Structures are given as C-alpha cells and as structure tokens.
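Now for the letters of each chain:
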Amino acid sequence: MKVVPFYPNSPDNLHCLQACIKSVTQYYFPDKHFSDKEIDVFTCFESGWSWIIAAVNWLDELGLQIKLYSPFPYDQLILEGEKFMKKFKGEAVYEYEKQNGSYKNLQLIQKSAELMITRKLWEQNKLNNSDLAQLLKNEQVLAIGKTVYEWLSGNYLPLEKLHSHYVLIIKEYSPGIWKVHDPGLPPAPERKVSNTINNHDIFGDILVIARNMSAKTNIKNS
C-alpha cells in the first residue's frame, strides 16, 4: 500500500508545488528534513511564482530518477528568454506576469532549463493517462501534475480565468479516476479526481519521480 505523507498549501495559497515537493521528499527520505525556505530556493520561488524545472534538477541531485514530460519548448526559452515568453504567453498575460514578478529570476530559470536538458531529464511531449497509470502501480513511483485549480472540481472555464495548480498524483484509483494529494487551498488529501475534462487530459506537465525502478519501468528510458 502506497502511504504518502500529505502537506497542505501555505496560508498565502502560493505554495502548492512546494507542498507536493515536501510530500515527495518525505516519502523517499523519511529521515531527512528540508525546511520551507530550502524548498523555496530549490523551486526558484520568487514573488509568488515557482518553476518546476528547478525542482527537477534538485530531485535528480538527491539521487531520484526524474523525468519531466512537458510540451513547453524549454530550448526556446533558453535562447530567447523574455522575448519568447512574451510571444508564447501573449502580450496581456506576459505583462500581467511580469508586473507580478514572474520573470525576476528568469536568467536562473534559463540555466535550470539548460541543465535539465543536458541531464536528459525532459521529454518534450505529454505522458498519456494509461502510461502514467502503469508507472504509478509501482510503489516507488509518484508524480506531480500541473493542472488548473478549477478543473479538479469539473469546472471548465476559459483559460484566462483559471489558476495553475500542482497536485501530487499517487495512483489510478479506478478507471478514469486519479487519487491525488491536493494541497489546496482548501487542502484535500487523497482526493479523487477525473483524469479528463472537456475531452482532454486534466494534467498537462507531469513530473514522474521514482526510486529503485526496474528496467521495465525505468522512466529515464521511456
């Protein structure tokens, strides 16, 4: 039975990724303690914004097996920086994020992306639900999924009105249903959520994390 520690989002509602990372580190390293400040550093938290690629490199350095499945073109981010983000996000979203501090540490993020690519920790495509479910049957495998907060409740709204959110994916609870630790707010451990919404997968980027993987399910060779 996969028993995974649960940690809620912080009262500021800005640390859902960090809460997932805390669950991961406590699951794999129960005798180690990482402070909230340390995890903020390792996720490049700045002005309310976090970047998962920084956590990718850190978890790899801890000795875990890591693979980020994401169609986002990190190679272009490395080459073009803010110019690319403005083109990718659109001017209105870009300006909003810039004014709210999203790009304060962009040079550090570019270096993180370059390191991630060098270490072959990124695959530029989506991981389908059936493959993820198969991986999560292994007791030594967890995943962090990027979704939209409102989608977890089946509320499909226009993208510009939605809020990005991270949850820890524990396993496939039943066909078409994931069991997740949702940091919230409000916090919801072992929440059951549909794996699709409006005919597409509920998770976009997925970070798969593993320890003591067999050759059959080695995520670095998937």
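Rules and cut-offs
- Residues numbered from 1 in each chain as written.
- Predicted model: local features only at pLDDT ≥ 70, side-chain atom pairs only at ≥ 80, totals over all residues.
- Heavy atoms only, no water.
- Buried < 20%, exposed > 50% of the residue type's maximum accessible area, 1.4 Å probe, protein only.
- Helix = DSSP H or I, 4+ residues; strand = E, 2+ residues; numbered from the N terminus.
- Pairing = 2+ DSSP bridges.
- Phe/Tyr/Trp six-rings, centres within 6.5 Å; stacked < 30°, edge-to-face > 60°.
- Axes fitted to C-alpha atoms, helices over the stretch in contact; angles between N-to-C directions.
- Parallel < 35°, antiparallel > 145°, perpendicular 65-115°, else oblique.
- Left-handed = near helix turned anticlockwise from the far one by under 90°.
- Contact = heavy atoms within 4.5 Å.
- Nonpolar A, V, L, I, M, F, W, Y, C, P; charged D, E, K, R; others polar.
- Core = buried A, V, L, I, M, F, W, Y, C linked by side-chain atoms within 4.5 Å.
- Arc of directions from axis to C-beta.

A. Geometry of the pairing of strand 5 (residues 177-182). Taking burial as the measure, the six residues of strand 5 include five buried ones, the bulk of the element. In this sheet, strand 5 lies alongside strand 4 (residues 164-174) in antiparallel orientation, the contact comprising five bridges. Each residue of the ladder has a partner; that of Ile-169, found in strand 5, is Val-180. Once strand 4 ends, the chain turns through two residues before running back antiparallel as strand 5, passing Gly-176 with a positive phi of about 85°.

B. Highlighting the packing of aromatic side chains. All chains considered together, the criterion is met by 10 aromatic pairs. Between the aromatic rings of Phe-84 and Phe-88, the centroid separation amounts to 5.5 Å while the plane-to-plane angle is 35°, which identifies the pairing as tilted. One end of the pair, Phe-84, and the other, Phe-88, are both in helix 5 (residues 82-89), four residues apart, so they sit about a helical turn from each other. On the basis of relative accessible area, Phe-84 is assigned to the buried category, the value being 3%. By relative accessible area, Phe-88 is classed as partly exposed at 44%. Both rings, one in Trp-151 and one in Tyr-156, keep their centres 5.5 Å apart while their planes meet at 15°; by these two values the pair is stacked. By relative accessible area, Trp-151 is classed as buried at 9%.

C. Spatial organisation of the packing of helix 1 (residues 16-28) against helix 3 (residues 52-61). Orientation of helix 1 relative to helix 3, taken along the N-to-C sense of each, is 15°, at an axis distance of 11 Å. One element, helix 1, and the other, helix 3, form an angle in the roughly parallel class. When you trace helix 1 past helix 3, the crossing you get is right-handed. Of helix 3, the residues touching helix 1 (which contributes Leu-17, Ile-21, Val-24 and Thr-25) are Ile-52, Ala-55, Trp-58 and Leu-59.

D. Up close: the packing of helix 3 against helix 7 (residues 106-118). Two elements in contact, helix 3 and helix 7, have axes whose closest approach is 8 Å; the angle formed by their N-to-C orientations is 50°. Of the possible angle classes, the one that applies to helix 3 and helix 7 is oblique. Helix 3 and helix 7 meet at a crossing whose hand is left-handed. Contacts between helix 3 and helix 7 involve Ile-53, Ala-54, Val-56, Asn-57 and Glu-61 on the former and, on the latter, Ile-109, Ser-112, Ala-113, Leu-115 and Met-116. Among the residues making up the contact of helix 3 with helix 7, the classes are represented as seven nonpolar, two polar and one charged.

E. The nonpolar core, seen in detail. Core analysis: the largest hydrophobic core is formed by 43 residues, its most contacted members being Tyr-74 and Ile-144. Leu-127, Val-193, Ile-197 and Ile-206 belong to the second largest nonpolar core, which has 23 residues in total.

F. Representation of helix 8 (residues 129-136). Every buried residue of helix 8 is accounted for by Asn-129, Leu-132, Ala-133, Leu-135 and Leu-136. Summarising the axial view, the buried residues of helix 8 lie within an arc of 160°, below the 170-degree limit, and thus occupy one face. The inward-facing, buried residues of helix 8 abut strand 3 (141-148), strand 4, strand 5, strand 7 (196-197), strand 8 (200-201) and strand 9 (206-210).

G. Quick look at the sheet that holds strand 3. The sheet built from seven strands is open, its strands ordered 2-1-9-3-4-5-6 with mixed pairing. The two strands at the open ends of the sheet, each matched to only one other strand, are strand 2 (122-123) and strand 6 (188-194). In terms of strand pairing, strand 1 (residues 65-69) meets strand 2 through two bridges, oriented parallel. The residue of strand 2 that forms the bridge with Tyr-69 is Glu-123.

H. Spatial organisation of unusual backbone geometry. Omega for the bond connecting Gly-184 with Leu-185 falls within 30 degrees of zero, at 20°, which places this linkage in the cis form. Here Leu-185 is to be found in the loop between strand 5 and strand 6. With omega at -5°, the peptide bond leading from Leu-185 into Pro-186 counts as cis. Of note in the backbone geometry, Cys-44 takes a positive phi value of approximately 55° without being a glycine. For Cys-44, a relative accessible area of 7% translates into the label buried. Positive phi, close to 60°, is recorded for Lys-120, a residue that is not glycine. Inspection of the secondary structure assignment puts Lys-120 in the loop between helix 7 and strand 2.

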